[in-house]
Amino acid sequence: GWNVWQTGEVLTFTSVLAPFTYPREYVQIGTTEPWISGASAAPLRLLYGDELALSPTGRTPARVTQIATLDDEAGQDGLNGAVPAAPATGITRAGPGFAALSADRALEAMSGLARWIGVRSEAVSGAGLGELGEGQPWANFLRARDQLIAEMAPYGRTGQFDVATIMHGAGDDSPTYEADMMALASQITAAGARQINVFAPGGTSERGDYASALATVEAFRNRGAFPMRIVAPLYPCARTGVATIAADDMTRLAELDALCAADPAWLPPLAFQASRTGNIVTIDFETMFGHHLINPTTGFSYSSAAVTGVQVVNDPTINAFTRVQVTLASAVAGTIRYAINPAGPAAGDLRDDWSSPSITGGNLYRYALPFEFEV
């Protein structure tokens, strides 16, 4: 390093450190890791949920000198609802994990001064939404926020609670799931989060029709003033266990989380009404402005007749391909469902025409949210 000076505890110097191949300014306290210098505001991203959020990504973020987590031996993974053994002794670099990969994708898209992002997960295996809103899990969530802010202060950084991501509902059939989600969103809003990102559960590898799937979408519809955004549904994700998301899919979800956090208009295709005339069911969707639906091949079911065809058609009211027509084998009243399958894992491939390259080597897509209508 060169251009070295010290102010209080903080050593400032210029060096060439990975992943960069050119000189940057860094700051360091004692023998801890050096961090890239830059903007004083440091957004915080906290992941909160059940065993779904414990699924590993298997990937390490590239911008390791900008993504920090608590140095308390629990690290980025959190305490899983347990009482912390000791307070954090500082910050350390975040390794593989959902929150770190979301931060990495966010940093990739940022312009201007380099930023730090603080990350932490508090995923509590088997916890219901009500349990996440109280007791030790909630205390750990607030502790992560407060200690990340406190441990960044000696570096001259101001931690700001940016995004809380809820990934929950692996096999939750609670009749109060929507109300519990709204209550938790209220608490997180009061805790200072700029935005709350949620994922629509897709059940487990054994069942796809848990109440949590539709209740999460309904909570989003009824969010009111809460800064809630729905990132993506989980039904397209492969499973490596009953409630464990495959690593590449978990990585893609983290990337989608970052894109949703940066775009206040983000919206997966959302069905808002359905009607039936004879054996034709018509379903209308809200999509992000300027995007249309892509013809699906799977995911639709009907309670009273076989589905013989599904296609995207133009909605003449708005002159956009945001309408789906489902053809039935017979004209009979029933329930039309998408990505809700009581006999096995929920599945479907309805999406809009947006895509983006993923660090996994594939593409990111914005799949439609699950729904159910009586027609």
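Residues numbered from 1 in each chain as written. Predicted model: local features only at pLDDT ≥ 70, side-chain atom pairs only at ≥ 80, totals over all residues. Heavy atoms only, no water.

Caption draft 1: Focus on helix 3 (residues 135–152). Spanning 18 residues, helix 3 covers 26 Å between terminal C-alpha atoms, matching the ideal 26 Å at 1.5 Å per step. What helix 3 keeps buried is the set P137, W138, N140, F141, R143, A144, R145, Q147, L148, E151 and M152. (Helix = DSSP H or I, 4+ residues; strand = E, 2+ residues; numbered from the N terminus. Expected span 1.5 Å × (residues − 1). Buried < 20%, exposed > 50% of the residue type's maximum accessible area, 1.4 Å probe, protein only.)

Caption draft 2: Summary view of the state of the cysteines. Summed over all chains, the structure comprises zero disulfides. Here C237 is not disulfide-linked; the sulfur of C260 is the nearest cysteine sulfur, at 15 Å. (Disulfide = S-S within 2.5 Å.)

Caption draft 3: Highlighting the layout of surface pockets. There is about 190 Å³ of room inside the largest pocket. In terms of lining, the largest pocket is formed by A232, P233, P236, C237, D249, R252, L253, L256, N363, L364, Y365 and Y367. At the level of secondary structure, the elements contributing two or more residues to the lining of the largest pocket comprise strand 11 (228–233), helix 6 (247–262) and strand 22 (363–367). Classifying every residue of the lining of the largest pocket gives nine nonpolar, one polar and two charged. (1 Å grid on protein atoms, 1.4 Å probe; cavity = no way out; pocket = protein on both sides within 12 Å on 5 of 7 lines; lining within 4 Å. Points joined across faces, edges and corners; volume = space filled by probe spheres on them. Nonpolar A, V, L, I, M, F, W, Y, C, P; charged D, E, K, R; others polar.)

Caption draft 4: The packing of helix 4 (residues 177–190) against helix 5 (residues 211–221), seen in detail. At a minimum axis separation of 8 Å, helix 4 and helix 5 run at an interaxial angle of 45°. The pairing of helix 4 with helix 5 is recorded here as oblique in orientation. Taken as a pair, helix 4 and helix 5 cross one another with a handedness that is right-handed. Seen from helix 4, the contacting residues are Y177, E178, M181 and M182; seen from helix 5, they are S212, A215, T216, E218 and A219. Looking at the contact of helix 4 with helix 5, its residues break down into five nonpolar, two polar and two charged. (Axes fitted to C-alpha atoms, helices over the stretch in contact; angles between N-to-C directions. Parallel < 35°, antiparallel > 145°, perpendicular 65-115°, else oblique. Left-handed = near helix turned anticlockwise from the far one by under 90°. Contact = heavy atoms within 4.5 Å.)

Caption draft 5: Expanded view of the sheet that holds strand 5 (residues 41–49). Overall, mixed pairing links the seven strands, which are arranged 7-6-8-5-9-10-11 in an open sheet. Strands at the two margins of the open sheet, each flanked by one partner only, are strand 7 (91–93) and strand 11. The mean inter-strand angle of the sheet, taken between neighbouring strand axes irrespective of direction, is 30°. Where strand 6 (residues 67–70) and strand 8 (residues 117–123) come together, two bridges link them in parallel fashion. In the strand pairing of strand 8, I67 is matched with I117. Those strands touched by helix 1 (residues 98–109) are strand 5, strand 6, strand 8, strand 9 (158–167) and strand 10 (195–200), and its axis lies near 150° from that of strand 8. Its contacts with the sheet place helix 3 against strand 5, strand 6, strand 7, strand 8 and strand 9, and it is angled at close to 165° to strand 5. (Pairing = 2+ DSSP bridges.)

Caption draft 6: Highlighting the packing of aromatic side chains. For the structure on display, the rule yields 17 aromatic pairs. Taken together, a centroid distance of 5.8 Å and an interplanar angle of 25° make the contact between Y338 and F371 stacked. Taken together, the positions of Y338 in strand 20 (residues 335–338) and F371 in strand 23 (residues 371–374) put the pair 33 residues apart, joining distant regions of the chain. Put simply, the rings of Y235, F285, F300, Y338, F371 and F373 touch in pairs and so form one group of aromatic residues. Taking the ring centre of Y210 as reference, the NZ or CZ of R207 above it sits at 4.1 Å. Over the ring of F220 we find R223, and its NZ or CZ is 4.2 Å from the ring centre. (Phe/Tyr/Trp six-rings, centres within 6.5 Å; stacked < 30°, edge-to-face > 60°. Lys NZ or Arg CZ within 6 Å of the ring centre and 35° of its normal.)

Caption draft 7: Fine view of the pattern of salt bridges. The full count for this structure, using the stated rule, is 17 salt bridges. Its salt-bridge partner being R252, residue D249 comes within 2.9 Å of it at the nearest N-O pair. Remark: R252 and D249 occur in helix 6; sequence separation between them is three residues, near one turn of the helix. As a salt-bridge pair, D315 and R323 come within 3.5 Å of each other at their nearest N and O atoms. Under the relative-accessibility criterion, D315 is labelled buried at 7%. The class for R323 is buried, based on a relative accessible area of 18%. Taken together, the salt bridges that share partners define one network made up of R45, D162 and R194. (Salt bridge = Lys/Arg side-chain N within 4 Å of Asp/Glu carboxyl O.)

Caption draft 8: Spatial organisation of empty space enclosed by the protein. Taken as a whole and assessed by the stated rule, the structure comprises one cavity of 30 Å³ or more. Forming the walls of the largest cavity are R45, L46, L47, F98, A99, S102, T165 and D257. Residue classes in the lining of the largest cavity are distributed as four nonpolar, two polar and two charged.

Caption draft 9: Main features of the packing of helix 1 against helix 6. Two elements in contact, helix 1 and helix 6, have axes separated by 8 Å at closest approach and are oriented at 50°. Relative to helix 6, helix 1 is oriented oblique. As helix 1 runs across helix 6, the sense of the crossing is right-handed. Seen from helix 1, the contacting residues are F98, L101, S102, R105 and A106; seen from helix 6, they are M250, T251, L253, A254, E255, D257, A258 and L259. Here the residues of the contact of helix 1 with helix 6 are counted per class, giving eight nonpolar, two polar and three charged.

The values are spatial; any link to function lies outside them.
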